[in-house]
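# Results of the structural survey
Spelled out from the first residue to the last, the chains are:
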Amino acid sequence: QVQLVESGGGLVQPGGSLRLSCAASGFTFSSYAMSWYRQAPGKEREWVATILGDGGITMFADAVKGRFTISRDNAKNTVFLQMNSLKPDDTAVYYCYAKIWRVFWGQGTQVTVSS
C-alpha cells in the first residue's frame, strides 16, 4: 500500500533552517511528481512546492520562493524540503502529497518558528 512518512520537523528560531524528509513506498516513486503542502492553525491547507518525477522541474508558492528548495532521491524513494530563512508565518504542519490513482497524504510533521 502507498505510504508517505514525513520527518524532520521541530522548533526553530526565525532566520533558521530545517530540512524535511518524506519517505515513500508502495508505488513507482520516480514516475510521479511529489509535493509539499502546509496547514497553519485556523487556516486552510496550502500548496508549498512540487517536484516532477525526474527532479528536473520544481515549482514553489510565492510565499516560499527563494527560501525553500525541493529535491528528491529516487534511489531512496525520498523527497526533501529544505527550508531556509524561516519566518514565524512558516509555522504549520507540513504534509507530503502524491497523486497516484488517487491523492495520498502523509501524517504531517510540525514546524514551529518562534523565538
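First, a word on what this report is: a plain description of the structure on this page. Computed from a prediction, not measured in an experiment: that's the story for all the values here. (Residues numbered from 1 in each chain as written. Predicted model: local features only at pLDDT ≥ 70, side-chain atom pairs only at ≥ 80, totals over all residues. Heavy atoms only, no water.)

## With respect to the pairing of strand 5 (residues 46-51)
This is how it is decided: Any two strands between which DSSP finds at least two bridges are classified as paired. Strands are runs of DSSP state E lasting at least 2 residues, helices are runs of H or I lasting at least 4, and numbering of each runs from the N terminus.
As paired strands, strand 4 (residues 34-39) and strand 5 are joined by 5 bridges and run antiparallel to one another. The partner of Trp-36 across the bridge, within strand 5, is Ala-49. Hairpin connection of strand 4 to strand 5: 6 residues between the antiparallel strands, including Gly-42 at a positive phi of 75°. Alignment of strand 5 against strand 6 (residues 58-60), held across 3 bridges, turns out to be antiparallel. Residue pairing across strands places Ala-49 opposite Phe-60, the latter belonging to strand 6. Counting the residues in the hairpin turn of strand 5 and strand 6 gives 6 residues, including Gly-55, whose phi is positive at 80°.

## Regarding the packing of aromatic side chains
As a reminder, the rule being used: Here a pair means two rings of Phe, Tyr or Trp (six-membered ring of Trp) with centres within 6.5 Å. Their orientation is stacked below 30 degrees between planes, edge-to-face above 60, and tilted elsewhere. We call a residue buried when its accessible area falls under 20% of the maximum for its residue type, exposed when it is over 50%, and partly exposed in between, using a 1.4 Å probe and counting protein chains only. Only when the NZ of Lys or the CZ of Arg is both within 6 Å of the ring centre and within 35 degrees of the ring normal is a charge said to sit over the ring.
Using the criterion set out here, one finds 7 aromatic pairs in the structure. Measuring from centroid to centroid gives 5.0 Å for Tyr-97 and Trp-105, while their planes differ by 70°, and the two rings are edge-to-face. Note on Trp-101 and Phe-104: the rings are 5.2 Å apart at their centroids and 80° apart in plane angle, and the pair reads as edge-to-face. The buried category is assigned to Phe-104, whose relative accessible area is 8%. By the ring-pair criterion, three or more aromatic residues cluster together here, those being Tyr-37, Tyr-95, Tyr-97 and Trp-105. In this arrangement the basic side chain of Arg-45 is found over the ring face of Tyr-95, its NZ or CZ atom lying 3.7 Å from the centre. The ring of Trp-105 carries the charged tip of Arg-45 above its face, separated from the ring centre by 4.5 Å.

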